[in-house]
Amino acid sequence: RLIRADLGLATVTPIIQKLEQESKGKNWTGEDVDAFLKRLFCLMLPRPPRSTLSYKAGQVNVYLIVGVNGVGKTTSIGKLASRFKSEGKRVLLAAGDTFRAAAESQLEIWSNRAGVDIVRLAEGADPGAVVFQAVKKARDENYDVLLIDTAGRLHNKTNLMDELNKVRGVIEKHASDLPLESLLVLDASTGQNGLQQAKVFCEVAGLTGVVLTKLDGTAKGGVVFAIARELKIPVKLIGIGEKMEDLRDFEPGLFVEALF
C-alpha cells in the first residue's frame, strides 16, 4: 500500500521497521496499524509556519516558480496570482520562460483571467532581462507580489540550469533585500522521479517549498515524504482541480488521511 502511494522504498523501509518494533507482542488490528502510520506520517511532514507560504506586508514579495514542463507551473502561477489579487494585493507576473513556444502567451492569458499585470519581452529574449525589468517595475510601482515563471525543460539539461542560474543571479543582485520564496511545482503522479527533480532544482534554485499539483486524480503524492525526509523542504500549496480557487494551503493532517 505504501509503495503504491509513491512513498518509495527508501522511505517505506524504516517505516515498516518502526511498525514492526511498535506492534511486536501486541494484538494489533488493521485499524491499529493505520492509526500508527498516520501519526508517523504527520510527524514526518513539516508543520506551520514552515509549511505556510510566507508574505511580508509593505515589501515586494518575490516568488520564483520552477519545475519541468507539464506539471502545471503556469496554471499554478495564474491561480496564485488570482488568490493574491482577491486579497487586495497588487500582483505582477514575469514571463521568464522565454524558451518554450507560447509559454509567455499562456501566462498572459492567465494574467488577464486573474486581472493582474505582466512583464514580457519578445519570444527567445534573455530570461534574466525579463526578471530585471520585472523587479524594477515592481519596486518603482509599489507592487506587493512578483511571480516569476521560468523555463521548464527537462531538469537534466545543462542549458536549463544555466538559465535558472542567470535568473537567480539577477534576483540576488537586484532583489536580495526582498523576501523570496523559491517554489518547485511537482506533479503528484510523478512518483519517485519527483525526488530527483527536487534535488536538481534545489541545487540551482535554493527551494523553500513545493507546490503539489494534480491531486484531483488517483495520484497520492507520497513522494513529498521522501522530499521532506531527504531535503527538508515543506509542501506549501496543493492543486486539486482546474478552477481558480483549487489552489489550497497544504494541510498535513488532511493529506495523510487521503493516503489511506
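For the structure, check the block above.
Analysis parameters
- Residues numbered from 1 in each chain as written.
- Predicted model: local features only at pLDDT ≥ 70, side-chain atom pairs only at ≥ 80, totals over all residues.
- Heavy atoms only, no water.
- Helix = DSSP H or I, 4+ residues; strand = E, 2+ residues; numbered from the N terminus.
- Buried < 20%, exposed > 50% of the residue type's maximum accessible area, 1.4 Å probe, protein only.
- Contact = heavy atoms within 4.5 Å.
- Areas by Shrake-Rupley, 256 points an atom, 1.4 Å probe, with all protein chains shown as cover.
- Lys, Arg positive; Asp, Glu negative; His and termini not counted.
- Charge placed at Lys NZ, Arg CZ, Asp CG, Glu CD.
- Salt bridge = Lys/Arg side-chain N within 4 Å of Asp/Glu carboxyl O.
- Arc of directions from axis to C-beta.
- Phe/Tyr/Trp six-rings, centres within 6.5 Å; stacked < 30°, edge-to-face > 60°.
- Lys NZ or Arg CZ within 6 Å of the ring centre and 35° of its normal.
- Pairing = 2+ DSSP bridges.
- Core = buried A, V, L, I, M, F, W, Y, C linked by side-chain atoms within 4.5 Å.
- Axes fitted to C-alpha atoms, helices over the stretch in contact; angles between N-to-C directions.
- Left-handed = near helix turned anticlockwise from the far one by under 90°.
- Nonpolar A, V, L, I, M, F, W, Y, C, P; charged D, E, K, R; others polar.

Participant: Could you clarify how one ought to interpret the overall build of the chain in this entry?
Facilitator: Within the chain one finds nine helices and eight strands. Principal axes of the C-alpha set define a box for the chain whose edges measure 65 × 40 × 30 Å. Counting only residues that meet the buried cut, the chain has 52% of its 260 residues in that class. A fraction of 76% describes how many contacts in the chain between residues 6 or more apart in sequence connect residues 24 or more apart. Only carbon and sulfur atoms are counted for the fraction: they give 51% of the accessible area of the chain, which is about 12,000 Å². In the chain, 35 positive and 32 negative side-chain charges are present, and the distance between their average locations comes to 3 Å.

Participant: What am I meant to see in the pattern of salt bridges here?
Facilitator: A side chain of one charge can pair with a side chain of the opposite charge when the charged atoms of the two come close. Under the counting rule described, the total for this entry stands at 17 salt bridges. Close ionic contact of Asp140 with Lys136 constitutes a salt bridge, the shortest N to O distance being 2.8 Å. Placement of both Asp140 and Lys136 in helix 5 (residues 127–140) is noted, with a separation of four residues, approximately one turn of the helix. Of the residues examined, Asp140 reaches a relative accessible area of 51% and is grouped as exposed.

Participant: Whenever I open this one, helix 9 (residues 252–259) confuses me. Can you help?
Facilitator: Since the α-helix turns once every 3.6 residues, residues separated by three or four places project in the same direction. Within helix 9, burial applies to Pro252, Phe255, Val256 and Leu259. Considered in projection along helix 9, the buried side chains sweep an arc of 100 degrees and stay on one side of the axis. Residues of helix 9 that are exposed and point more than 90 degrees away from the buried face comprise Leu254 and Ala258. In this structure, the buried residues of helix 9 make contact with helix 2 (30–44), strand 6 (209–213) and helix 8 (223–231).

Participant: Can you help me understand the packing of aromatic side chains in this one?
Facilitator: Geometrically, a pair of aromatic rings is defined through the distance of the ring centres and the angle of the planes. Following the criterion strictly, the structure yields six aromatic pairs and no others. Between the aromatic rings of Tyr55 and Phe84, the centroid separation amounts to 6.2 Å while the plane-to-plane angle is 35 degrees, which identifies the pairing as tilted. Of this pair, Tyr55 sits in the loop between helix 2 and strand 1 (61–66) while Phe84 sits in helix 3 (residues 73–86), and the two are 29 residues apart along the sequence. Relative accessible area serves as the criterion here: at 29%, Tyr55 is assigned to the partly exposed category. Judged by centre distance (6.0 Å) and plane angle (35 degrees), the rings of Phe225 and Phe255 are tilted. Taken as a pair, Phe225 in helix 8 and Phe255 in helix 9 lie far apart in primary sequence, 30 residues in all. Judged by its relative accessible area of 0%, Phe225 falls in the buried class. In textbook terms, an aromatic cluster arises when at least three aromatic residues are bridged by ring pairs, as seen for Phe41, Phe225, Phe250 and Phe255. The residue whose ring lies beneath Lys89 is Tyr55, and the NZ or CZ to ring-centre distance is 4.6 Å.

Participant: Can you walk me through the pairing of strand 1 in this structure?
Facilitator: Successive side chains on a regular strand alternate, one facing one side of the sheet and the next facing the other. In terms of burial, strand 1 is a largely internal element, six of the six residues being buried. The alternating pattern of strand 1 places Asn61, Tyr63 and Ile65 on one face and Val62, Leu64 and Val66 on the opposite face, and all of these are buried. With four bridges joining them, strand 1 and strand 4 (residues 145–149) adopt parallel strand pairing. Pairing of Tyr63 across the sheet is with Leu147, part of strand 4. In terms of strand pairing, strand 1 meets strand 5 (residues 180–187) through five bridges, oriented parallel.

Participant: Is there a simple way to explain the nonpolar core in this structure?
Facilitator: A general tendency of soluble globular proteins is for nonpolar side chains to be buried together. In terms of nonpolar packing, the biggest core is built from 83 residues, with Phe41, Leu146, Leu147, Ile148, Phe201, Leu212 and Phe225 touching the most fellow members. Dropping the residues within four chain positions of it, Leu147 is found in contact with Tyr63, Ile65, Ile77, Leu80, Ala81, Val91, Leu92, Leu93 and Ala94.

Participant: What am I meant to see in the packing of helix 7 (residues 193–205) against helix 8 here?
Facilitator: Between two packed helices, the angle of one axis relative to the other and the distance separating the axes together describe the packing. In contact at an axis separation of 9 Å, helix 7 and helix 8 are set at 35 degrees when each is read in the N-to-C sense. Like other packed secondary-structure pairs, helix 7 and helix 8 cross with a definite hand, here right-handed. Contacts between helix 7 and helix 8 involve Gly194, Leu195, Ala198 and Lys199 from the first element and Val223, Ala226, Ile227, Glu230 and Leu231 from the second. Residues of the contact of helix 7 with helix 8, tallied by class, amount to six nonpolar, one polar and two charged.

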